[in-house]
Amino acid sequence: MNAPLPTRQLREQLYSDMAPHHLTPLWEVLHALVPPQPKTPCVPAFWKYEQVRPYLMRAGEVITAEEAVRRVLILENPQLRGQSAVTQSLYAGLQLILPGEVAPSHRHTQSALRFIVEGSGAYTAVDGERTVMHPGDFIITPSWTWHDHGHEADQPVVWLDGLDIPMVRFFDAGFAQNDTSRSQQVTRAEGTSFARYGHNMAPVRATSPYGRTSPIFSYPYERSREALEQLERSAPIDEWDGTKLRYVNPLTGGWPMPTIGTFLQKLPAGFGGKGWRQTDGAVYSVVEGEGEVTISAGEQEWRYAFGPRDHFVVPSWHTARLASATGCVLFSFSDRPVHEALGIHTEERLS
Ligand code: 1HN
């Protein structure tokens, strides 16, 4: 007679017997499935513009915008290489368009934002309306709208693309189509969307033309910066954020995009901010000035000294704090609208 098998062996036998039937025991993975606090595979990362720019310009020499469709260097999280992701839910990239080029018209269910990093005079066309880009402008391409980019001025133009690609991939909900024409026809004068929706007014019978996405295609930097500058002079400065505003959809007061929240903040000269952490991982684009971000998780610490056009990512539930001797302006985006929609957004401000 065989002696009874030890418990461990009995369990292993069970696992291997049921494996061919696509069954697996929960109790072996339970703790990893519901960790006591968020545990992201992402790590903080920093892209210094003067290091990235030469590669972008080389890309401009080896492929045209037309051939590439979109000539972009993806900012990949070092722990998510090969996944085209800067966080688990978000995509970021730096796109280059050169004078005379066209990035052909297409549409997809993924929503996109552009934040202009360098150069002026390129345009993006969304749903029949062109918008000329200037540094610091925040531009939206709503889900499933035709969009193409072109450039009729004389300097390279570079912008940060932020898309919800990993999120849409997670839900297996991506559709895309190429347009029959290279550049879409212009059907509305430039500035129409801003005139209709960008002045604390709206058409009397306004229905939301792009569903849950803002009807404003471009939020000009000049206007956003002016607001921050005035508030910095005349209102209390937040000890964590400096002076920080979020962009809004004027028809709802909510986020400008259903999946991505966007922010602009100004740190005054001499700012030494307190630390915070939150569940939404965020990508930052430095607009003006210099500063330093310190990010920590457990025993590990990352410290980046940043200047204009540098980019960095603060992953979920990593503690971050900002400092600036000279004062600076930072644009950022995160997946916060989705956390809020799901009722799981959590933020902790450390004293
Ligand atoms: C896209 O359509 C753009 O329109 C940029 O500029 C980046 C990344 C993946 C898929 C589509 C654009 C993109 C993209």
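Scroll up for the structure.
Scoring rules and cut-offs
- Residues numbered from 1 in each chain as written.
- Predicted model: local features only at pLDDT ≥ 70, side-chain atom pairs only at ≥ 80, totals over all residues.
- Heavy atoms only, no water.
- Helix = DSSP H or I, 4+ residues; strand = E, 2+ residues; numbered from the N terminus.
- Buried < 20%, exposed > 50% of the residue type's maximum accessible area, 1.4 Å probe, protein only.
- Near = heavy atom within 4 Å.
- Polar contact = N/O pair within 3.5 Å; in protein donor to acceptor, adjacent residues only side chain to side chain.
- Areas by Shrake-Rupley, 256 points an atom, 1.4 Å probe, with all protein chains shown as cover.
- Nonpolar A, V, L, I, M, F, W, Y, C, P; charged D, E, K, R; others polar.
- Contact = heavy atoms within 4.5 Å.

(A) Representation of unusual backbone geometry within the structure. Look at His 22: it is not a glycine, yet its phi comes out positive at around 60°. By secondary structure assignment, the location of His 22 is in the loop between helix H1 (7-18) and helix H2 (30-33). Of note in the backbone geometry, Asn 200 takes a positive phi value of approximately 60° without being a glycine. Locating Asn 200 in the fold gives a position in the loop between helix H6 (192-197) and strand E12 (218-219). Residue Asn 200 is classed as exposed on the basis of its relative accessible area, which comes to 85%.

(B) Representation of the site of the ligand in the model. For the ligand, the full set of nearby residues is Arg 70, Tyr 91, Gln 95, His 106, His 108, Arg 114, His 147, His 149, Asp 161, Leu 163 and Ile 165. In the environment of the ligand, an oxygen atom lies 2.7 Å from a nitrogen or oxygen atom belonging to the side chain of His 106. Measuring from an oxygen atom of the ligand, one finds a side-chain N or O atom of His 108 at 2.7 Å. Relative to its free-state accessible area of 330 Å², the ligand is covered by the protein chains to the extent of 83%. Of all the elements in the fold, those that place two or more residues in the shell around the ligand are strand E3 (91-97), strand E4 (102-108), strand E9 (147-151) and strand E10 (157-163). Its residues placed into classes, the shell around the ligand shows 3 nonpolar, 5 polar and 3 charged.

(C) Layout of the environment of Val 126. Take Val 126: it is sitting in strand E6 (residues 122-126). With 117 residues separating them in the primary sequence, Val 126 and Gln 9 have C-alpha atoms 62 Å apart. Non-local contacts of Val 126, meaning those with residues more than four positions away in its chain, are made with Ile 140, Thr 141, Pro 142, Thr 145, Trp 146, His 147, Gln 184, Arg 188 and Phe 217.

(D) Focus on the pairing of E10. Among the 7 residues in E10, 7 count as buried, and that is most of the element. Burial along E10 is two-sided: the residues Val 157, Trp 159, Asp 161 and Leu 163 and Val 158, Leu 160 and Gly 162 are all buried.

(E) Quick look at the side chain of His 106. Here His 106 is to be found in strand E4. Assessed through its relative accessible area of 13%, His 106 is described here as buried. A polar side-chain atom of His 106 sits 3.0 Å from a polar atom in the side chain of Arg 70. Among the polar contacts made by the side chain of His 106, one reaches the side chain of His 108 at a distance of 3.4 Å. Look past the residues within four positions of His 106 in its chain and what remains in contact with it is Val 69, Arg 70, Thr 145, Trp 146, His 147, Gln 177, Asn 178 and Asp 179.

(F) Representation of the side chain of Ser 89 in the model. The residue Ser 89 is located in the loop between strand E2 (72-74) and E3 in this model. Setting aside residues no more than four positions away along its own chain, Ser 89 makes contact with Asp 164, Pro 166, Met 167 and Asp 335.

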